[in-house]
Amino acid sequence: MYMVHFQDYDLDTVHQICRTPKDLLVRWARDSGSIKPAAIHNGEGTNHYFQQTSNSRGAAMVLISTGNVGKFGAGQCTWAGNYKAGTFTATPWSGGGLGVHTGEDPFNITLDPNAHGKEIKIQQYYYGEEVGYWGHGDTPLIVNTPKYGRKVFTGKTHMPTPSKLRWVSNTNHVNNAKHHYDLVHNVDPNIETVITQDVEMTSDINHSDLAFACNTWMEFTYPEMTITVSNPWVQIWKGGIRPLYDTRNDLDTFAGVAAKLSDMTGDTRMKDYFKFVFENRVDVYAQRLLDASSTFYGYSADVMLKSEKGWMVMTRTYPRMAFWEETNESKPMWTRTGRYETYRTEPEAIEYGENFISHREGTEATPYLPNAIMTTNPYVRPDDYGIPITAQHHDDKTVRNIKLPWQEIKRHANPLWEKGYQFYCVTPKTRHRVHSQWSVNDWVQIYESNFGDPYRMDKRTPGVGEHQLHINPQAAKDRGINDGDYVYVDGNPVDRPYRGWKPSDPYYKCARLMIRAKYNPAYPYHVTMSKHAPYVSTPKSVKGHETRPDGRAIAVDTGYQSNFRYGAQQSFTRNWLMPMHQTDSLPGKHAIAWKFKWGYQVDHHAINTVPKECLIRITKAEDGGIGARGPWEPVRTGFTPGQENEFMIKWLKGEHIKIKV
């Protein structure tokens, strides 16, 4: 069947789709068939695209076909965060694994400090829910289709419930949320209580009803445990320096609220749930977690606390090798057949046209027909639900399944592209900031972009530095944009920066992105880049920028510092709910237990929000020179990319030095 399927993927067609030179495609194919061992690694970069599931399946199929799975140095490895939970593995003989920490039965609490972890009663009364639904209006994926009427594409195991309370810890979630300004403007007003605990003044804290100031890792006063994943080590330590400020451990916030609720209700079980926090015996919880995990069975928290070193995790291999047992000991896979599967038999997969691994265009980030399936394979038989090929609503494009040959897909233009939204924007993580923190520390602001300036010669700069948008020099010049100019970046105006916006809205001024443009010849003509998760503009930071004598974008009351004058990198993103990420029929290993799990599984089978699925339009806002007069000063030197003088061109070519032989 796949031999029939592959007839659409000749060398010329694949070259047109991915723009990769033909000789490199041939070389890659030959290398894949001959190199042993071989591995394919991908991370958040590709995981942030709508069709990443198909991409990963394709990479896995190549390695499965060439015998490069379950062996050292081989495998298809997807790096997306550091999912440590699964290392605390629950088994029938060891106990509940991570569950003794996250799922102890609140109606049957074990208060004996010497109890073995296997004795802890596990009863999980909560059901995990993917936070990405918040950015989709706090709603599942439901579409009124012409063919079937109202159709729910979010499986029952994935189904979110309306949020009444949000309490986040150390994630800066709202700042990083796709469709940020819609979440703040249209979703958060329906949430009755918003609580945040963190170590610095984040956007989340500025959008919260209540904030808890917590210790940093170096200031912990309770034992804390962490592990690595691919090279499995575990370590327990007890912090370092005394807290610098009036802050508390993260656990104290939960325990304190529980104690107050016990006082208010007379039910002591809420406080008892954190008994060993109040007794300063958090090591009891660490020991229970070690006891109940097959990977740490027999380890002593006391010995580890005193050892001041890391300890190896008891996995079958080192480094940890996925599918080692399945490949070398013929143990069954966590699939229906117990074997590697490159064809999906789930009813949803057949209905969505995902039973075979096919190329699909993006739902938005394409100049062609959005979300079209590139195949003529008769065994791919998707349902389009009667949604017309001209439909433009984001949910319609998400669920519409149309299969066409490549020449037909190219013939249909994306209306958004035709309206001038002709730039892709990639949003990688940065090496200088972590996912959620340190975006506005002075030294990070100074060296993270080309516009760091501790003296703030240009008072428009939001801090001692600011964010930037990398753009191809010729693409910028064609739009009258000079290196260093401020530009407006707009996403699809139907719903960005938020649903229901109007130019007259005061909030729209805050939400529309203004950012420095930076010439970068490394980027193709239609590709731009802006780093992920800088600190967003808020109404208060905009007010600070417009009213403070020094012009800094600082909230007038909280001291919150933004990386922007207006808007943010999230101004042009939105949330996309990939249907294949919401199926109830997909089998797999439970996230923390040695057993099967069907449907939703936190971090494993859930929506992933895909922020790169967007097109943007770029227009000039202001000159880059100080006070919005003339060009940004460095471009006058002749030494900047795209603005090279004659000497610089010679230097780049190696012609400025002559060697006498």
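Throughout what follows, the structure given in this document is the object of discussion. Treat the numbers as computed from the prediction; the structure is a model and nothing was measured.

## A few points about the overall build of the protein
Then step 1. When its secondary structure is counted, the protein shows 24 helices and 21 strands.
Then step 2. Since a compact globule built from 661 residues should have a radius of gyration of about 26 Å, the 27 Å found for the protein is in line with a globular shape.
Then step 3. Taken over the C-alpha atoms alone, the protein extends approximately 75 × 75 × 70 Å along its principal axes.
Then step 4. By residue count, 49% of the 661 residues in the protein fall in the buried class.
Then step 5. Considering only residue pairs separated by 6 or more positions, the protein has 70% of its internal contacts joining residues 24 or more positions apart.
Then step 6. Carbon and sulfur atoms form 56% of the exposed surface of the protein, whose accessible area is close to 31,200 Å².
Then step 7. Computing the positive centroid from 76 side-chain charges and the negative centroid from 72, the protein places the two 4 Å apart.

## A closer look at the pattern of salt bridges
Any two side chains of opposite charge can pair, so long as their charged atoms come close to each other.
Then step 1. For the structure on display, the rule yields 37 salt bridges.
Then step 2. The partner of D283 in a salt bridge is R281, with the nearest N and O atoms 3.0 Å apart.
Then step 3. Ionic pairing is found between K306 and D302, a salt bridge with its closest N-O pair at 3.2 Å. Within this pair, K306 and its partner D302 are both found in helix α14 (residues 301-307), separated by four residues, close to a single helical turn.
Then step 4. Taking the relative accessible area as the measure of exposure, K306 reaches 63% and is therefore exposed.
Then step 5. According to the relative accessible area criterion, D302 is partly exposed, its value standing at 43%.
Then step 6. Each of the salt bridges in this network shares a partner with another, and the network as a whole consists of D458, R460, E466, R516, R565 and E622.

## Some words on the packing of aromatic side chains
Then step 1. Going through the model one piece at a time under the given rule, you end up with 32 aromatic pairs.
Then step 2. Look at Y498 and Y507: their rings are 5.3 Å apart centre to centre, the planes differ by 55 degrees, and that puts the pair in the tilted class.
Then step 3. Its relative accessible area of 0% is what places Y498 among the buried residues.
Then step 4. When the ring of Y535 is compared with that of Y560, the centres are 5.9 Å apart and the planes differ by 10 degrees; the resulting orientation is stacked. Remark: Y560 occurs in the loop between α23 (539-547) and β19 (587-589) and Y535 occurs in the loop between β18 (527-529) and α23; sequence separation between them is 25 residues.
Then step 5. Of the residues examined, Y535 reaches a relative accessible area of 0% and is grouped as buried.
Then step 6. What links up through ring pairs into an aromatic cluster is the set Y2, F6, Y343 and F356.
Then step 7. Note that K271 overlies the ring of F278, its terminal NZ or CZ placed 5.1 Å from the centroid.
Then step 8. The positively charged end of R574 is found above the aromatic ring belonging to W576, 5.6 Å away from the centroid.

## Considering the state of the cysteines
Then step 1. According to the stated counting rule, one finds zero disulfides in the structure shown.
Then step 2. Its sulfur unpaired, C614 is 6.0 Å from the next cysteine sulfur, which belongs to C425.

## Some words on the nonpolar core
Then step 1. Y181, I471, V487, V489 and I618 are the most contacted members of the largest nonpolar core, which has 40 residues in total.
Then step 2. Per-element accounting of this core gives the leading share, five residues, to strand β17 (residues 513-519).
Then step 3. Residues in contact with I618, not counting those within four places in the same chain, are F423, L469, I471, R479, I481, V487, Y488 and T528.

## Concerning the sheet that holds strand β5 (residues 165-169)
Then step 1. The three strands lie next to each other as β5-β6-β7, forming an open sheet whose pairing is parallel. Edge positions in the sheet fall to β5 and β7 (210-213), since each has one partner strand and no second. Going across the sheet, the axis of each strand differs from the next one's by a mean of 10 degrees, ignoring polarity.
Then step 2. As judged from the four bridges shared by strand β6 (residues 193-198) and β7, these two strands associate in the parallel manner. Within β7, the residue paired with D198 across the bridge is A213.
Then step 3. Those strands touched by helix α10 (residues 250-265) are β5, β6 and β7, and its axis lies near 150 degrees from that of β5.

## Description of a nonpolar patch on the surface
Then step 1. Residues M218, I241, L244 and Y245 make up a contiguous nonpolar surface patch of about 490 Å² in total accessible area.
Then step 2. Among the secondary structure elements, M218 is positioned in the loop between β7 and β8 (224-227).

## Some thoughts on the sheet that holds strand β16 (residues 486-490)
Then step 1. Taken together, six strands build a closed barrel; the order of strands is β14-β18-β15-β17-β16-β21 and the barrel is mixed. For this sheet, the mean angle separating the axes of adjacent strands, direction not counted, is 45 degrees.
Then step 2. In this structure, strand β15 (residues 468-471) lies alongside β18, joined through two bridges in antiparallel fashion. When the bridges of β18 are listed, I471 appears paired with T528.

## Some details on helix α2 (residues 11-18)
Then step 1. N-capping of α2 is provided by D10, with a side-chain oxygen placed 3.2 Å from the backbone N of D12.
Then step 2. One or two steps after α2, the chain reaches R19, where phi turns positive at roughly 65 degrees.

Calculation rules
Residues numbered from 1 in each chain as written. Predicted model: local features only at pLDDT ≥ 70, side-chain atom pairs only at ≥ 80, totals over all residues. Heavy atoms only, no water. Helix = DSSP H or I, 4+ residues; strand = E, 2+ residues; numbered from the N terminus. Rg over C-alpha atoms; globule rule 2.2 N^0.38 Å. Buried < 20%, exposed > 50% of the residue type's maximum accessible area, 1.4 Å probe, protein only. Contact = heavy atoms within 4.5 Å. Areas by Shrake-Rupley, 256 points an atom, 1.4 Å probe, with all protein chains shown as cover. Lys, Arg positive; Asp, Glu negative; His and termini not counted. Charge placed at Lys NZ, Arg CZ, Asp CG, Glu CD. Salt bridge = Lys/Arg side-chain N within 4 Å of Asp/Glu carboxyl O. Phe/Tyr/Trp six-rings, centres within 6.5 Å; stacked < 30°, edge-to-face > 60°. Lys NZ or Arg CZ within 6 Å of the ring centre and 35° of its normal. Disulfide = S-S within 2.5 Å. Core = buried A, V, L, I, M, F, W, Y, C linked by side-chain atoms within 4.5 Å. Pairing = 2+ DSSP bridges. Axes fitted to C-alpha atoms, helices over the stretch in contact; angles between N-to-C directions. Patch = residues over 30% accessible without salt bridge, like charges linked within 9 Å, V, L, I, M, F, W, Y side chains within 5 Å. Polar contact = N/O pair within 3.5 Å; in protein donor to acceptor, adjacent residues only side chain to side chain.

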